[in-house]
Amino acid sequence: MKKLFTFAVLLVFATGIAWAQNEKYTQAMGDGIKALNSIDREKPDPKSLVDIANRFERIAAAEPKEWLPKYYAAYANVLLGFVAPTLSEKDQYLDKANVLLKDAEGIAGKPNDEIEVLKAYQSQIHLAADPMNRWQADGEKFQGFLQSAKALNADNPRIYYLEGSSLFFTPEEYGGGKKVAKPTLEKAQQKFNAFKPASGIHPDWGKMETEWMLSQTN
Amino acid sequence: MKLFYCLLLFVSPAVFAQKTIQGKVTDHKGNALPGANVFLKGTYDGGTTDANGAFAFQTSESDTATIVASYVGFEAFEKKISLKESMPAMSIKLDELANELNTVVITAGAFEASDEKRMAMLKPLDIVTTAGAAADITGAMQFLPGAQRVGEQEGLFVRGGSGQETKIVIDGMIVQNPFFSSLPDVQSRGRFNPFMFKGTSFSTGGYSAQYGQALSSVLLLNTTDKISNNGLGISLNLANAGLNYDYANKNQSVSAVVYYGNLRPLFKLVKQNVEWLHAPEFKGSSLTYRWKPTKNGILKVYGMYSDSHLSMNSNDPFSDSGKTRLVLKNNNAFTTSTYTDSWADGRWTINSGLSYSRNKDNMTYDGVNFDRFDERTQARIVLTRLLTGNNTILFGAEAHAINIGNGVDGKMYRLKDRYTAAFVESEIYITRALAGRIGVRSEYSSVISRANVAPRLSFAYKTGRYSQVSLAAGQFYQNPDYRYLYLNKSLKYERADHLILNYQIIKNQRTFRVETFYKNYAQLVREFTGQPYDADPYRFPWGTTTNGGDGYARGFDFFWRDQKSIKNLDYWVTYSFVDSKRLFQQFAQSATPTFISNHNISLITKKWFEKAKTNLSATYAFTSGRPYYNPNNEEFLKDRTPAVHNVSIQASKLQSIKGNLVIFYATVDNILNTRNVFTYRYTPDGQTRFAVGPQSYRSFFVGMQIMLSKKAKVEKDDF
């Protein structure tokens with residue numbers, strides 16, 4: 001009887017720790033995502049982005065079985081690839097994002113639409129860093145990643161957000177422009193309205209940007 | 001029960017005092033690293049360093065923990081620490097990882113155009129956007145340091161070398177006929193489309209043991225691994241019309257090209273200095289297939305076929321009328337397949353290839369048939385092993401079967417060569433700042449039944465974050481011109497020894513590079529006819545031959561490129577100086593050969609107009625006078641032609657028409673209409689002199705490329 005009791009106590013105790021750990025993880029992730037969302041979209045501060053990227057990397061190091069910390073660390077590095085001042089710094093962050101994405105893919109263990117979307121985003125920002133020399137190779141990668149994301153989950157709204165933003169920022173001479181982008185952005189908006197992230201810490205970015213771009217197309 | 005509460009209390013974090021860990025992260029020189037991530041392994045506790053490299057964070061861990069510091073481009077730092085109530089400030093020094101900025105690259109003699117390497121001095125796009133290059137790869141290479149321009153012949157003339165001393169290599173395979181068939185005093189274009197290649201490396205000497213049979217230089221072209229446009233493209237210009245179609249899925253892609261060209265419309269518009277009887281007419285096709293069977297493996301199969309027909313009255317001082325009628329029909333086929341793969345985490349890489357080329361010229365010159373035929377089958381394999389610390393060692397071998405035939409009025413002279421080579425080469429990083437490449441190549445050629453062993457050596461030392469010096473030396477062998485071998489198969493290899501010293505600095509989108517060289521030529525073929533010098537470039541060498549010739553070439557060249565100072569303006573300047581003398585061919589004494597120009601200068605500018613979506617490029621090229629043979633001058637090859645000047649401009653505009661991308665381009669070559677002279681030839685009596693110049697003086701060209709790809713790809717359910 002006593003043995004059984006001790007066993008039961010230990011069981012409760014063990015699950016209690018696991019539960020506490022899980023809550024701590026969700027809490028830390030939530031805080032990181034909150035910090036990410038509070039970044040000034042107009043003028044993102046590289047320093048706070050580096051701090052956020054580091055935060056997610058710390059969580060990733062402590063939780064080697066979770067792909068989301070790696071994913072968010074990669075996302076923050078892609079944003080840094082956009083705001084960094086020089087081409088070589090941009091490339092450093094974007095290379096790092098690539099490494100983190102590879103890790104995330106390995107942890108996730110199976111093809112994941114969100115990771116494909118983020119790879120597409122990485123290619124887009126990489127292209128934007130040096131468009132004259134990169135539009136061919138990166139443009140193709142961008143399309144390729146979006147295609148594979150679509151094959152996995154055609155309802156992921158970020159696919160259409162990225163497609164729309166690519167058209168939005170492509171000059172009219174190259175077949176882009178605000179008008180051309182509008183139908184794709186509208187489709188993105190529809191998908192965003194129907195979208196429910198798997199949990200509070202799963203990817204849920206791009207809606208605000210889609211709406212801003214849509215407001216510019218009128 | 002008590003125990004349970006005890007345990008619960010024990011794990012509750014609230015009971016532990018928070019400890020503060022603080023310190024500073026720097027590189028080895030003590031420079032602060034802001035933005036570094038410092039944390040305790042396995043916990044969420046950590047922080048980011050500030051602008052001074054300082055960090056501070058709290059933790060509730062007890063006893064011991066592992067502190068980790070990581071920073072982009074640096075090796076992660078790990079250390080076990082014991083956690084106490086009050087901890088002294090830590091000083092963490094990080095080691096920089098090897099990267100393109102802090103690791104030396106072996107560069108002496110090489111000039112690269114690449115998208116992938118950040119240290120490359122050119123981008124592949126630069127080749128097509130350079131005015132005066134006519135979107136021709138070798139045309140663009142002529143403006144690089146170390147190259148001499150020779151207007152009336154095709155080929156790359158590098159640092160005192162003749163056009164035959166440069167080999168063109170695609171994915172490791174020698175291209176037997178890189179240019180359209182040679183015509184008297186007309187420079188032929190290269191056969192390959194510059195868009196086929198992702199990278200180009202132009203070596204001006206001291207090149208790797210992986211390549212041989214070139215006394216001066218190799219031009220290495222690497223084909224693209226993937227296509228960038230899915231769908232149909234149309235190209236239309238004053239000389240030809242073409243269609244290309246690309247299709248790709250996840251692991252495979254196919255590209256097909258067909259074209260028909262006729263220069264008659266262009267010649268109607270641009271005055272020709274050549275009397276054409278049948279303007280060049282050509283048609284061709286190519287097919288490329290690429291397959292990725294494994295994660296890193298890629299198979300590429302490329303095949304092309306083209307034929308051409310032309311006829312002209314060429315200037316011929318050796319005929320009574322001064323003109324000779326020439327008819328040329330050419331058939332050319334080239335196929336190559338290469339397979340590359342790597343395994344064991346990239347520690348082993350294989351590059352292999354198989355190629356066949358066949359070329360046939362049916363030529364009538366002055367009513368007499370001169371047929372030329374050649375074919376080359378080649379196989380090549382290279383294994384590379386990556387060792388620790390970025391050191392590599394590679395082993396390779398190649399085998400070629402070459403058959404050559406020259407027909408004179410129905411009679412065929414044949415030559416057969418079975419050529420094999422093996423090589424080994426190692427790149428060694430002694431430190432990140434000092435690296436060496438040591439290689440040796442051995443060859444055997446059956447036609448002369450001789451073997452050779454050629455050592456190659458280069459070193460590079462990093463003198464600063466953005467600058468380095470390199471040194472290269474080596475021996476290079478090449479078979480004598482096959483025309484000598486018809487009559488004398490006991491000739492030896494011709495040899496060149498190179499010594500090159502290079503300094504370069506690449507910083508902030510500005511590049512400066514200077515290189516100086518000395519080249520020694522030995523065992524060059526001399527011909528003894530017992531007659532006066534015969535300047536006819538198309539004569540058949542019938543005299544007795546020996547390997548008694550020699551010579552040298554020395555000089556320097558420099559390159560400056562600036563993409564930064566003026567927004568959207570990119571310019572580069574090259575200057576090449578060469579001084580060279582040789583005793584070879586029919587020379588009775590050592591003299592500067594006719595293909596040498598002492599000074600070559602080029603200035604290339606490119607400006608991008610954002611609003612107009614137009615790229616404007618202008619090129620100025622100067623080539624100093626070259627020696628020519630004057631039978632009336634007692635001193636051999638003492639006369640010099642006037643200098644050649646050329647100013648050309650090119651504009652290309654991007655536009656979207658109904659959703660399709662269209663590129664318009666227009667070029668004007670020799671805009672000042674300079675009456676350039678490349679060389680002079682004399683009639684046999686020495687009384688009259690003919691000037692040999694370009695096909696046309698001022699000329700223009702317009703065309704367009706339409707890509708229907710984007711349109712073809714949009715699917716209905718996308719919206």
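J.: Break down the overall build of chain A for me, citing the residues and quoting the values.
T.: The number of helices and strands found in chain A is nine helices and zero strands. In terms of its C-alpha atoms, chain A occupies a principal-axis envelope of roughly 80 × 40 × 30 Å. Within chain A, the fraction of its 218 residues that count as buried is 46%. Here the analysis covers contacts within chain A between residues at least 6 apart in sequence; of these, 63% occur between residues at least 24 apart. The centroid of the 27 positive side-chain charges in chain A is displaced by 6 Å from the centroid of its 28 negative side-chain charges.

J.: Outline the pattern of salt bridges, supporting the account with residue identities and numerical values.
T.: Where charged atoms from two side chains of opposite charge come close, those side chains can pair. Residues and elements named next belong to chain B. In this structure the tally under the stated criterion is 33 salt bridges over all chains. With a shortest N-O distance of 2.9 Å, R582 and E165 are connected by a salt bridge. Placement of R582 in strand β31 (residues 569-583) and of E165 in the loop between β10 (157-158) and β11 (166-170) is noted, with a sequence separation of 417 residues between them. When the shortest N-O distance is used, the salt bridge between R561 and D570 registers 2.4 Å.

J.: Quick rundown of the sheet that holds strand β2 (residues 37-40) of chain B? Include the residues and the values.
T.: All names here are of chain B. The sheet built from four strands is open, its strands ordered β3-β2-β5-β6 with antiparallel pairing. In this open sheet, the two strands that pair with only one neighbour each are β3 (46-48) and β6 (77-82). The sheet shows a mean angle of 15 degrees between the axes of neighbouring strands, direction not considered.

J.: Break down the packing of aromatic side chains for me, citing the residues and quoting the values.
T.: All names here are of chain B. Counted according to the given criterion, the structure contains 36 aromatic pairs over all chains. Between the aromatic rings of F157 and F595, the centroid separation amounts to 6.0 Å while the plane-to-plane angle is 40 degrees, which identifies the pairing as tilted. Residue F157 is located in strand β10, and its partner F595 is located in the loop between β31 and β32 (599-609); the two are separated by 438 residues in the primary sequence. The exposure class assigned to F157 is buried, which follows from its relative accessible area of 2%. Judged by its relative accessible area of 9%, F595 falls in the buried class. An aromatic cluster of three or more residues is present, and its members are Y533, F584, F587, Y629 and F636.

J.: Report on unusual backbone geometry, specifying residues and quantitative values.
T.: Residue and element names in this part refer to chain B. A positive phi angle, near 55 degrees, is found at A344, a position not held by glycine. Inspection of the secondary structure puts A344 in the loop between β20 (323-343) and β21 (348-365). Residue class for A344 comes out partly exposed when judged on its relative accessible area of 31%. We note that Q585 has phi near 50 degrees; this positive angle belongs to a residue other than glycine. Assignment of secondary structure puts Q585 in the loop between β31 and β32.

J.: Residues and numbers for the pairing of strand β1 (residues 19-27) of chain B, please.
T.: Each regular strand displays side chains that alternate between the two surfaces of the sheet. Residues and elements named next belong to chain B. Examined bridge by bridge, β1 and strand β4 (residues 54-59) share six bridges and lie antiparallel to one another. Considered in β4, the bridge of K24 is made with A54. Two elements, β1 and strand β7 (residues 90-94), share five bridges in a ladder whose sense is parallel. The partner of K24 across the bridge, within β7, is S91.

J.: Could you give an account of helix α9 (residues 207-217) of chain A, naming the residues involved and the relevant values?
T.: Helical geometry: 3.6 residues make up each α-helical turn, so side chains three or four residues apart lie on a common side. Residue and element names in this part refer to chain A. Along α9, the positions that sit buried rather than exposed are E209, T210, M213, L214 and T217. Summarising the axial view, the buried residues of α9 lie within an arc of 135 degrees, below the 170-degree limit, and thus occupy one face. Buried residues belonging to α9 abut α7 (157-169) and α8 (178-194).

J.: Lay out the domain arrangement of chain A in plain terms, naming residues and giving numbers.
T.: Residue and element names in this part refer to chain A. Partitioning chain A into domains gives domain 1 (39-138) and domain 2 (155-218). On a C-alpha basis, the centroid separation for the pair domain 1 and domain 2 is 19 Å. Residue-level contacts link 13 residues of domain 1 with 14 residues of domain 2. For the pairing of domain 1 and domain 2, the buried interface totals around 1,100 Å² over both sides, and the portion due to carbon and sulfur atoms is 60%. Where domain 1 meets domain 2, there are one salt bridge. E114 is the partner of R158 in a salt bridge, and the nearest nitrogen-oxygen pair spans 2.8 Å. At the junction of domain 1 with domain 2, the criterion picks out seven residue pairs in polar contact (both at pLDDT 80 or more).

Criteria and cut-off values
- Residues numbered from 1 in each chain as written.
- Chains lettered and ligands numbered in written order.
- Predicted model: local features only at pLDDT ≥ 70, side-chain atom pairs only at ≥ 80, totals over all residues.
- Heavy atoms only, no water.
- Helix = DSSP H or I, 4+ residues; strand = E, 2+ residues; numbered from the N terminus.
- Buried < 20%, exposed > 50% of the residue type's maximum accessible area, 1.4 Å probe, protein only.
- Contact = heavy atoms within 4.5 Å.
- Lys, Arg positive; Asp, Glu negative; His and termini not counted.
- Charge placed at Lys NZ, Arg CZ, Asp CG, Glu CD.
- Salt bridge = Lys/Arg side-chain N within 4 Å of Asp/Glu carboxyl O.
- Pairing = 2+ DSSP bridges.
- Axes fitted to C-alpha atoms, helices over the stretch in contact; angles between N-to-C directions.
- Phe/Tyr/Trp six-rings, centres within 6.5 Å; stacked < 30°, edge-to-face > 60°.
- Arc of directions from axis to C-beta.
- Domains from an automatic or database assignment.
- Buried area = accessible area lost by both parts, 1.4 Å probe.
- Polar contact = N/O pair within 3.5 Å; in protein donor to acceptor, adjacent residues only side chain to side chain.

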